[in-house]
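# Topology and contacts: notes
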Amino acid sequence: MLYGDIRRHHKPRHRQGTALAFLGVLAFSGSFPATVFAMEGFDPWLVAIGRAAIAGLLALACLKVMGKPLLPPRPLWPSYALISLGVVFGFPVFSGLALALGASTAHAAVVIALLPAATAVCAVLRAGERPRPLFWAACSAGAIAITTFTFTQHQGSASWPDLLLLCALISAAVGYTEGGRLSRRQPGWQVISYAVVLSLPLTAPITIVLALTTATTFTPHAIAGFAYVAAISMFLGFFPWYAGLAKGGIARAGQTQLTQPLLTLVWAWFLMGERFGLVTVAAALAVLVCVAITQRART
């Protein structure tokens with residue numbers, strides 16, 4: 001009886017976690033098109049680092065308004081350093097360079113669909129989660145679908161943009177796992193706020209130097225894209241995302257990101273008129289089926 005009560009108690013929490021995580025994914029799904037827009041007027045390095053600097057200033061204001069300390073407890077600094085390396089520096093830099101080297105937003109989105117699998121592995125190694133065999137089977141199927149898609153797009157070999165995207169997804173998996181772990185004890189908005197604030201001593205001066213030494217063109221597309229990746233992708237999107245990982249389980253709720261390729265394909269078509277073939281759509285649909293299965297596999 002007690003076991004049944006526990007299961008009933010956890011079901012609403014898992015569902016809330018999945019819903020919150022999906023809101024985060026919805027926010028992140030516009031990141032690649034926004035990055036491409038931003039790079040129409042700004043240097044790729046400025047977009048990658050500058051977004052974190054702007055997010056750091058927003059976080060300082062948010063912490064001040066909410067009456068919270070501007071820095072986290074010192075014992076937690078190593079964990080925040082991992083988050084910063086993963087989602088403040090690693091993912092934006094690697095994914096931005098991949099797009100700058102010619103990866104389409106649709107292709108990049110489908111390759112990054114491997115991210116939930118990498119996050120699940122990190123959740124086992126770092127957060128002590130133990131998903132069930134069905135979860136791993138569905139997760140592996142999604143990973144195989146994406147790997148097959150990548151190699152068929154490049155005649156049996158990975159391109160430099162693909163390798164950069166691989167580095168980006170590993171970086172994000174580390175940052176997501178550590179952020180989700182910390183969000184079990186602190187609200188998700190505080191976790192991302194502290195991560196970008198602690199990064200400011202690096203991101204702020206680098207952004208200033210890049211702004212002064214690289215060519216910039218202030219077009220509406222570039223400004224809107226830069227604003228999106230700074231305010232939404234680098235800051236506000238993490239509020240529901242980290243909260244969802246904490247409530248729903250990092251491995252389980254993290255699988256909602258398998259829906260991101262489909263969402264990004266829609267944005268790429270609607271905002272940029274980007275064309276993609278049946279193979280791209282088939283790969284995206286395959287991972288969508290996999291995420292549905294992972295959500296039925298209890299952890």
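These figures come from a predicted structure and were not determined experimentally. (Residues numbered from 1 in each chain as written. Predicted model: local features only at pLDDT ≥ 70, side-chain atom pairs only at ≥ 80, totals over all residues. Heavy atoms only, no water.)

Moving on: the packing of aromatic side chains. As enumerated under the stated definition, the model contains 11 aromatic pairs in all. Pairing F42 with F226 gives two aromatic rings, centres 5.0 Å apart and planes at 65 degrees, and the pair type is edge-to-face. Residue F42 is located in the loop between α2 (31-38) and α3 (44-65), and its partner F226 is located in helix α10 (residues 220-236); the two are separated by 184 residues in the primary sequence. Judged by relative accessible area, F42 falls into the buried class, the value being 8%. With relative accessibility at 10%, the residue F226 sits in the buried group. Seen from their ring centres, Y80 and Y194 are 5.8 Å apart, and the 85 degrees between their planes marks the pair as edge-to-face. Taken together, the positions of Y80 in helix α4 (residues 77-100) and Y194 in helix α9 (residues 188-213) put the pair 114 residues apart, joining distant regions of the chain. Grouping aromatic residues by their ring pairs yields a cluster made of F28, Y176, F238, W241 and Y242. The residue whose ring lies beneath R74 is W77, and the NZ or CZ to ring-centre distance is 4.4 Å. (Phe/Tyr/Trp six-rings, centres within 6.5 Å; stacked < 30°, edge-to-face > 60°. Helix = DSSP H or I, 4+ residues; strand = E, 2+ residues; numbered from the N terminus. Buried < 20%, exposed > 50% of the residue type's maximum accessible area, 1.4 Å probe, protein only. Lys NZ or Arg CZ within 6 Å of the ring centre and 35° of its normal.)

The subject of this paragraph is the packing of α3 against α4. Two elements in contact, α3 and α4, have axes whose closest approach is 9 Å; the angle formed by their N-to-C orientations is 155 degrees. Here α3 lies roughly antiparallel to α4, going by the angle between them. Seen from above, α3 lies across α4 with right-handed handedness. The residues of α4 that touch α3, namely those facing P44, W45, A48, I49, R51 and A52, are V88, F89, P92, V93, L97 and A100. Here the residues of the contact of α3 with α4 are counted per class, giving 11 nonpolar, no polar and one charged. (Axes fitted to C-alpha atoms, helices over the stretch in contact; angles between N-to-C directions. Parallel < 35°, antiparallel > 145°, perpendicular 65-115°, else oblique. Left-handed = near helix turned anticlockwise from the far one by under 90°. Contact = heavy atoms within 4.5 Å. Nonpolar A, V, L, I, M, F, W, Y, C, P; charged D, E, K, R; others polar.)

Quick look at the nonpolar core now. Counting 67 residues, the largest nonpolar core has Y176, F238, W241 and Y242 as the members making the most contacts within it. The greatest single-element share of this core, amounting to nine residues, is contributed by α4. With residues up to four places along the chain from it excluded, the contact list for W241 reads L20, A21, G24, V25, F28, Y176, A253, G254, T256 and Q257. (Core = buried A, V, L, I, M, F, W, Y, C linked by side-chain atoms within 4.5 Å.)

Here we come to the side chain of Q190. Mapping Q190 onto the fold places it in helix α9. On the accessibility criterion, Q190 (8% relative accessible area) is buried. In this structure, Q190 is in contact with K68 and Y80, ignoring residues within four places of it in sequence.

At a minimum axis distance of 6 Å, the contact between α3 and α9 shows a crossing angle of 130 degrees. Judged on the interaxial angle alone, α9 and α3 are oblique. Read as a crossing pair, α3 and α9 show a hand that is left-handed. Residue composition of the contact of α3 with α9, grouped by class: 20 nonpolar, five polar and no charged.

Per-residue confidence for the chain gives a mean pLDDT of 83; residues scoring 70 or more make up 84%. Low pLDDT, under 50, characterises residues 1-9; the predicted model gives this stretch three contacts beyond four residues in sequence or across chains. (pLDDT = per-residue confidence, 0-100.)

On to the environment of A224. Following the sequence through the fold, A224 ends up in helix α10. Between the C-alpha atom of A224 and that of T35, which follows or precedes it by 189 residues, the distance is 9.7 Å.

Our focus in this paragraph is a nonpolar patch on the surface. Residues L82, L85, L101, W160, L163, L166, I170 and V174 make up a contiguous nonpolar surface patch of roughly 780 Å² in combined accessible area. Contributing elements (two or more residues each) for the nonpolar patch: α4 and α8 (160-182). With five residues, α8 is the largest single contributor of residues to the nonpolar patch. Along the chain, V174 falls in helix α8. With relative accessibility at 30%, the residue V174 sits in the partly exposed group. (Patch = residues over 30% accessible without salt bridge, like charges linked within 9 Å, V, L, I, M, F, W, Y side chains within 5 Å. Areas by Shrake-Rupley, 256 points an atom, 1.4 Å probe, with all protein chains shown as cover. Salt bridge = Lys/Arg side-chain N within 4 Å of Asp/Glu carboxyl O.)

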